[in-house]
Amino acid sequence: MSVPRARLLQLVKVRQKSQQKKQPLGSTSQLTGRTQARCELFSTTFNPEGIRTGNKILRQRLKGPSLVAYYPRKNVGIRELQKEFAPLGLEVDDEVDEDRLEHLAALRARDKGAPKKKRTAPAATDKKKK
């Protein structure tokens, strides 16, 4: 049972017309309006040009509080106390520092201490290495 050629041509023409009649999704203004409404509904950023805004970074959790919690808190030392009480005329004795300074003075007296720093720059020489 074969279909006549005329009927086949008629079906092809009807199919072509139906494909031409299909409406596109909408114009660009309709699409942007839909996109803008979708962004408002789902609380997202409306960015039709696709410009990089940095939202990915800004949405991340802040790292500062976790870093502060990781490192131990700084304890108050003798030097901080000396700085605080100096304007009041009070003295704070730092026995550890005094012992260190006495030890260094004893070493210097026996010529065993650290060498003195040079106060002048070394002279420039024009000698070439061979």
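Just above, that's the structure.
Rules and cut-offs
- Residues numbered from 1 in each chain as written.
- Predicted model: local features only at pLDDT ≥ 70, side-chain atom pairs only at ≥ 80, totals over all residues.
- Heavy atoms only, no water.
- Helix = DSSP H or I, 4+ residues; strand = E, 2+ residues; numbered from the N terminus.
- Buried < 20%, exposed > 50% of the residue type's maximum accessible area, 1.4 Å probe, protein only.
- Polar contact = N/O pair within 3.5 Å; in protein donor to acceptor, adjacent residues only side chain to side chain.
- Salt bridge = Lys/Arg side-chain N within 4 Å of Asp/Glu carboxyl O.

Quick look at the environment of Asn 55
- Mapping Asn 55 onto the fold places it in helix α3 (residues 55-58).
- The class of Asn 55 is partly exposed, set by a relative accessible area of 25%.
- Considered as a pair, Asn 55 and Thr 44 are 11 residues apart in the sequence and their alpha carbons are 9.9 Å apart.
- For Asn 55, the side chain forms a polar contact with the side chain of Thr 45, separated by 3.0 Å.

With respect to the pattern of salt bridges
- Overall, the coordinates contain 2 salt bridges when judged by the stated rule.
- A salt bridge links Arg 79 to Asp 97, with the nearest nitrogen and oxygen atoms 3.9 Å apart. Taken as a pair, Arg 79 in helix α5 (residues 78-85) and Asp 97 in helix α6 (residues 95-109) lie far apart in primary sequence, 18 residues in all.
- The exposure class of Arg 79 is exposed, given its relative accessible area of 52%.
- Looking at Asp 97, the relative accessible area reads 21%, which means it is partly exposed.
- Residue Asp 97 pairs with Arg 100 through a salt bridge whose shortest N-O separation is 3.0 Å. Here Arg 100 and Asp 97 lie together in helix α6, a separation of 3 residues that amounts to about one turn.
- A residue is classified by how much of its surface remains accessible, and Arg 100, at 42% relative accessible area, is partly exposed.

Coordinates in, geometry out; function isn't part of it.
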